[in-house]
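# Commentary on secondary and tertiary structure
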Amino acid sequence: MKTGAQHDNALAGYRRIVVKIGSALLVDEKTGKLRADWLAALAKDIADLKAEGRDIVIVSSGAIALGRRLLDLSGKSLPLDQSQAAASAGQIALSQAWASHLGQHGITTGQILLTPNITEERRYFLNARTTIKTLLGLGAVPIINENDSVATFEIRYGDNDRLSARVATMIEADLLVLLSDIDGLYTAPPARNPDARHIPHVAAITPEIEAMAGGAASHLSRGGMTTKIGAGQIATQAGTAMIVALGTAPNPLRSLTEGARHTFFAPAEGTRAARKRWIMGTLDLSGRITIDDGAVRALKAGRSLLPIGVVRLEGAFTRGDTVAVCDQLGHEVARGLAGLDRDAADLVIGKNSETIKDLLGAGTRTELVHRDNLVLLTQ
């Protein structure tokens with residue numbers, strides 16, 4: 001994986017790449033029709049990357065834009081019920097378009113529709129990740145979109161830039177490519193400021209970088225550079241590099257391999273540390289585990305939390321839920337993902353590993369919270 005400044009081949013060294021395609025790239029704004037020639041060229045780019053052994057995941061907008069025309073819905077802003085209807089009709093056309101164009105290169109596609117709870121709730125997160133990774137393992141290209149036909153304004157991502165960043169971190173992608181109507185980040189929106197300078201490399205997303213972003217350029221798109229910076233914060237903090245590049249011309253991915261101008265956002269840290277940050281910062285607590293002093297010392301020594309050191313359990317947690325781990329004075333000393341459902345945990349607290357295997361079966365893992373899924377709050 002490359003982490004330095006921009007190279008001639010911007011995609012060199014990346015094995016798993018998530019590519020986000022906006023509505024304004026896929027759908028002609030004037031006619032509402034699919035830009036079939038552009039999609040055919042992009043499909044060739046994807047086929048070439050897959051032939052090199054890369055995993056490619058597509059996060060594709062366009063369902064609402066295509067559905068508007070199919071249902072003859074006019075107006076730049078649709079009410080929620082019409083947006084959902086347009087998404088329902090357009091999603092079929094969108095998935096057929098991807099399947100047809102990639103199918104010409106012998107590539108099978110799989111459609112996955114996501115809503116925010118799927119990437120924020122651990123059990124759904126694990127299921128979605130397994131589906132995507134299984135498709136990749138079978139040589140398919142997952143085509144992912146927000147499930148706009150059922151999502152309300154209150155529970156949606158609101159833009160596919162941030163959705164693509166969530167997907168990239170979910171599957172531990174090396175690189176996220178946001179194809180846009182602009183070739184990267186500028187010191188100011190270039191359409192409004194002719195003196196704006198292109199920024200080829202962003203080492204870290206600072207308040208100064210955030211201040212450079214502008215708004216959406218088209219009614220077909222929900223985002224703009226602001227949402228791309230938001231996506232960058234999600235992706236880079238999770239150890240995924242990000243590129244913002246011009247996508248309007250044919251063969252945009254091939255152009256990146258040939259040195260096309262873009263902005264590279266460097267990953268901030270390794271994925272292991274980022275996973276623990278995600279555990280700390282994005283999940284609600286489902287339970288509380290109180291442990292004895294010996295277990296506290298074991299955690300501080302880098303060990304997993306075993307049931308033998310558990311004094312008390314609270315909450316109706318299930319395997320994969322986030323739980324607080326507290327000492328007997330009530331101080332939270334760690335936070336992690338439960339390795340057992342509450343019912344199973346009740347059976348084994350205070351018991352050693354051999355007894356746990358007798359109670360739950362020989363194949364059962366004996367950690368209540370594995371050290372890889374545990375974040376210490378005190379040292």
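Scroll up for the structure.
Here is a short report on the structure shown in this document. These figures come from a predicted structure and were not determined experimentally.

In this section: the sheet that holds strand E11 (residues 285-291). Pairing within the open sheet is mixed, and its five strands lie in the order E12-E11-E13-E14-E15. Where the open sheet ends on each side, the last strands, each with one partner, are strand E12 (310-314) and strand E15 (374-376). Averaged over all adjacent pairs, the angle separating strand axes in this sheet is 25°, with direction ignored. Pairing analysis gives five bridges linking E11 to strand E13 (residues 322-326), with the strands arranged parallel. Pairing of Ile-289 across the sheet is with Val-325, part of E13.

What follows deals with the pairing of strand E9 (residues 241-246). Both faces of the sheet carry side chains from a regular strand, because those side chains alternate between them. Burial of E9 is extensive: five of the six residues sit out of reach of the surface. With six bridges connecting them, strand E5 (residues 175-180) and E9 associate as parallel partners. Bridge pairing links Leu-175 to Ala-241 in E9.

What the eight strands build is an open sheet, ordered E3-E4-E2-E1-E5-E9-E10-E8; its pairing is mixed. Each of the sheet's edge strands pairs with one partner strand only, and the pair in question is strand E3 (109-114) and strand E8 (201-202). Of the strands in this sheet, E5, E9 and strand E10 (262-265) touch helix H9 (residues 225-237), which is tilted by about 155° from E9.

Remark: helix H2 (residues 36-51) packs on helix H4 (residues 80-103), axes separated minimally by 9 Å, with the N-to-C direction vectors making an angle of 55°. Looking at the two axes, H2 sits oblique to H4. Relative to H4, the crossing made by H2 is right-handed. Every residue of H4 that contacts H2 at Ala-36, Leu-39, Ala-40, Leu-42, Ala-43 and Ile-46 is listed here: Ala-97, Trp-98, His-101 and Leu-102.

Cut-offs and rules
- Residues numbered from 1 in each chain as written.
- Predicted model: local features only at pLDDT ≥ 70, side-chain atom pairs only at ≥ 80, totals over all residues.
- Heavy atoms only, no water.
- Pairing = 2+ DSSP bridges.
- Helix = DSSP H or I, 4+ residues; strand = E, 2+ residues; numbered from the N terminus.
- Axes fitted to C-alpha atoms, helices over the stretch in contact; angles between N-to-C directions.
- Buried < 20%, exposed > 50% of the residue type's maximum accessible area, 1.4 Å probe, protein only.
- Contact = heavy atoms within 4.5 Å.
- Parallel < 35°, antiparallel > 145°, perpendicular 65-115°, else oblique.
- Left-handed = near helix turned anticlockwise from the far one by under 90°.

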